[in-house]
Amino acid sequence: MNRGSRLLESSDQKIELARLNLRAGEKAILSSAFHSASKYLQKGLSLLAIDSWETHYTLTLQLYDAISEALFVTGDFVKLSDLIEEPLRHARCFEDKLNIYNNYVRSLIASGNYEECLDMCISILLQLGEIIPTEVTEDIYANEVAEVKKSLEGKNREDLLCLPTMLDASKLAAMQFLNHALTLSFVFKPILNPIVVFRMVEISIQHGVCNLSAFAFACYGGWLVSFPTYDFDGGYTMGLVANDLMKMLNATEIIPRLYSMVYGFINIWKEPFQACLGKHVEAADVGESTGDMEFSTTNLVLYVNMAIYGCGIDLRNLEKDIQVYMRRAIRCNQIMLIKNMSILYQLTLDLMGFNHNAFSLYHPGMSEETCFADAHQHNHIAICRLICVKRKYVAFWMGSMDTAAKMCKLHKKYCNASSGRLVSIINSSFVDGMIALYFARKHGDDEEEWTALGESTIQTWSRWAECSSWNFVNKLNLLEAEYAFLKKDDGTAIAKYDASIKAARDHKFNHEEGLAEEKAATYLLHMSRHNEALAHFKNAKKCYEKWGAAALVERVETAISVLSPLCVCP
């Protein structure tokens, strides 16, 4: 029928065909055929008369609403930006503009226009009756914490699952835009992030629950497990509530958002990293099928982040996976998440010993340097933080300790005040402690400062290891070994190095087993126990070979070649 549409003469026939295209487009969206949907809906719009806003208002609005969804999912943000002016100008009330605003905000997030987008969300929320502070002082933060705790006071897991269903249309809309503000604040304005979470929780308790309430409870759990609260049990419980609520509401479309928080930020404090890893791939696939491209790609980023920093899976296999994930992100034009993935891809290539520019897969003119400079200029804190962590990690593992120390200090400029810690940020704390204890042993003018950082890191990791021995005890043991090295406590140092090696091996952290072997070798070399040191260096090499970290293998081989002539043959 569309092929013969130009033969139609009567307006009634064109309107009927426009309705058929709307139905076809909506069915295509439900079937995840978003490119086909876009074609049907654009055809439907082309059949409308100039005065369709007056003569067929509902049909016109429905076509614009549906095509804004399809254009977002397919990543055609330029066309979406051009298209929204029409419905925003002609919509008869603010409520009729909300779906267009929703998809436009999603496109701005994907494009990285965070400041404009956050301002728009705050403005829309104000019209919906939700006043969000643009600046967060200590008093405002304390008051917001007190309010959310008051709303949750006396409510257990069962009470939260028995809350009524949210029916107020304005509150449902507010939850949607608070949800967008939550993503924006995490990246662009971390200090605002917990405030947004608190508001979503309070609305859910006061006005009933909706699908996004599950995400809100999960994000509150993410805040509970973060500094300075460190309420791991409370956070884990909120994660369980969030999962149960999602299932109770049959809100499977929320899985990408929910899993990003529950398995990326909460359960890592209670369950093995490896148990959380596969959930991100599952969530990414759900997001792609439902059109939640933002959180589909987010889960792929979380998967790679945990795979490298947490699990130490084979880099050779991961490098192939990352290329596939990059193409998926590029296909839906998720620009900021592409940058996140590029940083992780560059880390992978650096460890593998490849002198390639990972960013060129997205844009030939982009590099890690230009990405950092752009992020710093536009106050994209999360990107700056991720690059600092990556550079520090590479420098530490490669033995470039002066560079590692520089990155340790630079990273503090981009502190994380939002709800939740990525595995990379958790691991970064461990690396900070290792750097600190290394420089404390140099006995320079800053020995006291470095020692204090090392001691505080050990205290932190002692608390974390009580929560999840599987994920953290091998790193705690290594920190304690390095501290014993500093204090010249030979017996403790050897015992802790051995404990770290065993825990890393038992818990399948191959990369950190290699690190513990290497650090033990370094200590034994310092003690002139050459034969034992050589054995540990060789073990470290085997671990790094298994990890696929050719750059580390090459570095350890150099140490072996230098040390071997000094060893006494048995």
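Residues numbered from 1 in each chain as written. Predicted model: local features only at pLDDT ≥ 70, side-chain atom pairs only at ≥ 80, totals over all residues. Heavy atoms only, no water.

Chemist: I would appreciate a short explanation of empty space enclosed by the protein in the present structure.
Modeler: Which parts of space are left empty comes out when a probe the size of a water molecule is rolled across the atoms. A full pass over the atoms with the stated rule returns two cavities of 30 Å³ or more. For the largest cavity, the calculated volume is near 560 Å³. Lining the largest cavity are 33 residues; nearest its centre among them are T183, F186, V187, T298 and L337. Among the secondary structure elements, those contributing two or more residues to the lining of the largest cavity are α7 (94–111), α11 (169–188), α15 (255–266), α17 (293–311), α19 (335–352) and α21 (381–397). Among the elements that take part in the lining of the largest cavity, α17 stands out by supplying six residues, more than any other. Here the lining of the largest cavity is composed, by residue class, of 20 nonpolar, 10 polar and three charged. By volume, the second largest cavity is sized at about 30 Å³. Lining the second largest cavity we find G264, H280, L302, N305, M306, L422 and V423. It is α17 that contributes the most residues to the lining of the second largest cavity, three residues altogether. Its residues placed into classes, the lining of the second largest cavity shows four nonpolar, three polar and no charged. (1 Å grid on protein atoms, 1.4 Å probe; cavity = no way out; pocket = protein on both sides within 12 Å on 5 of 7 lines; lining within 4 Å. Points joined across faces, edges and corners; volume = space filled by probe spheres on them. Helix = DSSP H or I, 4+ residues; strand = E, 2+ residues; numbered from the N terminus. Nonpolar A, V, L, I, M, F, W, Y, C, P; charged D, E, K, R; others polar.)

Chemist: How should I be thinking about the environment of P87 in this particular structure?
Modeler: Mapping P87 onto the fold places it in helix α6 (residues 85–90). For the pair formed by P87 and S52, sequence separation is 35 residues and the distance between their alpha carbons is 11 Å.

Chemist: When you look at the packing of helix α23 (residues 423–440) against helix α25 (residues 469–486) in this model, what are you seeing that I'm missing?
Modeler: Between two packed helices, the angle of one axis relative to the other and the distance separating the axes together describe the packing. One can describe the packing of α23 onto α25 by two numbers: an axis separation of 9 Å at closest approach and a directional angle of 10 degrees. Compared by their axis directions, α23 and α25 come out roughly parallel. Within the contact between the two elements, α23 uses I426, N427, F430, G433, M434, L437 and A440 and α25 uses F472, K475, L478, L479, E482, Y483 and L486. Looking at the contact of α23 with α25 residue by residue, the class counts come to 10 nonpolar, two polar and two charged. (Axes fitted to C-alpha atoms, helices over the stretch in contact; angles between N-to-C directions. Parallel < 35°, antiparallel > 145°, perpendicular 65-115°, else oblique. Contact = heavy atoms within 4.5 Å.)

Chemist: It is not clear to me how helix α13 (residues 211–224) should be interpreted in this structure. Could you clarify?
Modeler: Owing to its 3.6 residues per turn, the α-helix brings residues three or four apart onto one side. Taking 1.5 Å as the rise per residue, α13 with 14 residues should run 20 Å; its terminal C-alpha atoms sit 21 Å apart, in good agreement. In terms of burial, α13 is largely enclosed, as 13 of its 14 residues are buried. (Expected span 1.5 Å × (residues − 1). Buried < 20%, exposed > 50% of the residue type's maximum accessible area, 1.4 Å probe, protein only.)

Chemist: Looking at this structure, I do not really get the packing of aromatic side chains. What am I missing?
Modeler: The relation between two aromatic rings is expressed through the spacing of the ring centres and the mutual angle of the planes. Tallying each qualifying case throughout the model produces 31 aromatic pairs. Judged by centre distance (6.0 Å) and plane angle (50 degrees), the rings of F273 and F509 are tilted. Here F273, found in helix α16 (residues 273–290), pairs with F509, found in the loop between α26 (490–506) and α27 (510–526); they are 236 residues apart in sequence, far enough to count as distant. What makes F273 buried here is its relative accessible area of 2%. In this structure F509 comes out as buried when scored by relative accessible area, which is 0%. Ring centres of F485 and Y523 lie 4.8 Å apart, and the angle between their planes is 80 degrees; this geometry places the pair in the edge-to-face category. With a gap of 38 residues between them, F485 in helix α25 and Y523 in helix α27 connect regions that are remote in the sequence. One exposure class covers both F485 and Y523, and it is buried. Taken together, the aromatic side chains of Y230, F232, W269, F273, F430, W461, W464, F472 and F509 make up a single cluster linked through ring pairs. Positioned above the aromatic ring of Y57, the side-chain terminus of R92 is 3.9 Å from the ring centre. (Phe/Tyr/Trp six-rings, centres within 6.5 Å; stacked < 30°, edge-to-face > 60°. Lys NZ or Arg CZ within 6 Å of the ring centre and 35° of its normal.)

Chemist: Sorry, what's going on with the side chain of T348 here?
Modeler: Mapped onto the elements, T348 comes out in helix α19. With residues near it in sequence (within four places) discarded, T348 still touches I308, L315, L318, E319 and I322.

Chemist: Help me out: how do you make sense of the pattern of salt bridges in this one?
Modeler: When the charged atoms of two side chains lie near each other, side chains of opposite charge can form a pair. For the structure on display, the rule yields 33 salt bridges. Here E86 and R89 are joined by a salt bridge, their closest N and O atoms 2.9 Å apart. Linking E86 with R89, this pair stays in helix α6, spanning three residues, or about one helical turn. Exposure remark for E86: the relative accessible area of 24% places this residue in the partly exposed category. Among the ionic pairs, R331 bridges to E288, the shortest N-O distance being 2.5 Å. Here the residue R331 occupies a position in helix α18 (residues 315–331), and E288 occupies one in helix α16, the gap between them amounting to 43 residues. (Salt bridge = Lys/Arg side-chain N within 4 Å of Asp/Glu carboxyl O.)

Chemist: I tried to follow the layout of surface pockets on my own but got confused; where do I start?
Modeler: If you add up the space inside the second largest pocket, you get close to 430 Å³. In this structure, the second largest pocket is lined by 21 residues; those nearest its centre are Y438, R441, F485, K519 and T522. When contributions to the lining of the second largest pocket are tallied by element, the ones reaching two or more residues are α21, α25 and α27. Among the elements that take part in the lining of the second largest pocket, α27 stands out by supplying six residues, more than any other. Looking at side-chain class alone, the lining of the second largest pocket contains nine nonpolar, four polar and eight charged residues.

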